[in-house]
Amino acid sequence: MTSATDVVVIGAGQSGLAAARALQAQGISPVVLEAGPEPAGSWPHYYDSLTLFSPARYSAMPGLEFPGDPDHYPHRDEVMAYLRRYAAGLRADIRTHTPVTAVKAHELAGFLVRTVTGQTIHAPDVVAATGSFGSPYVPTLPGQDRFTGRLLHVAGYRRPHQHAGERIVVVGGGNSAVQVGYELAQVATVTLATRHRVNFRPQCRGGQDLHYWLATSGFDLLPPQWLDHYLGDRWVVDTGKYRHALESGQLDRRPMFTAFGADGVVWPDGTREQVDTVVFATGYRPHLGYLRPLGALDAQGMPRHSGGISATHPGLVYLGLEFQRSFASNTLRGVHRDAEHVIPPLAAYVRNAPAAVGL
């Protein structure tokens, strides 16, 4: 069955909801397709203890304040509840349990969006807002296929007590690696395996949370081309407890191991150590496989775009890509700015702006 609409938004997490709001502001009512059972994006799938690194006052989207003390750090479940409320307030056509399997070019114009339910939607415009959680990145190391222990990406990690008493190596030196490694160290013996030393940044500076400075200084708005000069290795935002855990030996850090053995890992000095579980906190890649039939991705599966505007297909835009336009692009506090950048040209395309000027 084929139906038609002006714009299909793929994904109903924070990015998809930001797109829907921006489209409504342009007088366009999109169809929003969400793979999961509710408009909460990937948040229900994160580990149980996850809390935001930004206070509530810096974690809201336009039109709805984040509830509770503005200075508290919201828990994962609070974010889920917030997104449900945000979606309800939009009164948009959000269709849950509707994963998109492919987007193809229509033979005349626009796109055909095909779903796992068997439905095909014809639309001149598409917003790809599926983020990256669905594409966890796990590097391949020598001997990995022979390792008999448990290999896990942090995307599949839930709670520490499932690993009580284990010997665990967490690969990565970013926020997720350190937060998960720290809580696992309460019940297990844990080493962080990193290529560089952990780069801590204080949660508070000058009596203000880090996010106050990100917002008031304009750092949140710096383009990604400039950020490389300042970020270097990824930050770990810390109140002091993570640094203390490393310095006190509660949590160990070693240079990245070089290979897997059958029952453990091989450290750079050649030492072999038995390990029960290796947790990769090695990031994600854009979850955009449904665009492969369209030819919108490069050989590595990355979108060809400029600031979220497709470089290959007029009428296609992206939201929720890491560093899409700024430091805050894929965050609750920042995605709306990217939506306000990509949606106006999309709306002009819906209204056939090229034809209006005789093209």
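Remember, predicted model here, so these are calculated numbers, not experimental data.

Participant: I tried to follow the packing of aromatic side chains on my own but got confused; where do I start?
Facilitator: Counting across every chain of the model gives 15 aromatic pairs. Centroid distance tyrosine 212 to tryptophan 213: 4.9 Å. Interplanar angle 85°. Geometry classified as edge-to-face. On the accessibility criterion, tyrosine 212 (25% relative accessible area) is partly exposed. On the numbers, 5.4 Å between centres and 75° between planes, the contact of phenylalanine 219 with phenylalanine 327 is edge-to-face. You can see phenylalanine 219 sitting in the loop between helix H4 (210–217) and helix H5 (224–231) and its partner phenylalanine 327 sitting in the loop between strand S23 (316–318) and helix H7 (335–350), a full 108 residues away along the chain. With relative accessibility at 15%, the residue phenylalanine 219 sits in the buried group. When its relative accessible area of 18% is taken as the criterion, phenylalanine 327 is described as buried. Through a chain of ring-to-ring contacts, the aromatic side chains of Trp43, Tyr46, Phe133 and Tyr284 assemble into a single cluster. Sitting over the face of the ring of tryptophan 213, arginine 205 holds its NZ or CZ atom 5.6 Å from the ring centroid. The ring of tyrosine 137 carries arginine 285 above its face, with NZ or CZ at 3.9 Å from the centroid.

Participant: Just checking my understanding: could you explain the pattern of salt bridges for this structure?
Facilitator: Oppositely charged side chains can form a pair if their charged atoms are brought close together. All told, the structure shown has 12 salt bridges when counted by the stated rule. Residue glutamate 273 is joined to arginine 167 by a salt bridge in which the shortest nitrogen-to-oxygen separation is 2.6 Å. With glutamate 273 in strand S19 (residues 272–274) and arginine 167 in strand S10 (residues 167–171), the pair connects residues that are 106 residues apart, well separated along the chain. Between aspartate 338 and arginine 325 there is a salt bridge, with its nearest N and O atoms 3.3 Å apart. Remark: arginine 325 occurs in the loop between S23 and H7 and aspartate 338 occurs in helix H7; sequence separation between them is 13 residues. Here the residues in one salt-bridge network are Asp48, Arg76, Asp77 and Arg159, joined through shared partners.

Here is what the cut-offs are and how they apply
- Residues numbered from 1 in each chain as written.
- Predicted model: local features only at pLDDT ≥ 70, side-chain atom pairs only at ≥ 80, totals over all residues.
- Heavy atoms only, no water.
- Phe/Tyr/Trp six-rings, centres within 6.5 Å; stacked < 30°, edge-to-face > 60°.
- Buried < 20%, exposed > 50% of the residue type's maximum accessible area, 1.4 Å probe, protein only.
- Helix = DSSP H or I, 4+ residues; strand = E, 2+ residues; numbered from the N terminus.
- Lys NZ or Arg CZ within 6 Å of the ring centre and 35° of its normal.
- Salt bridge = Lys/Arg side-chain N within 4 Å of Asp/Glu carboxyl O.

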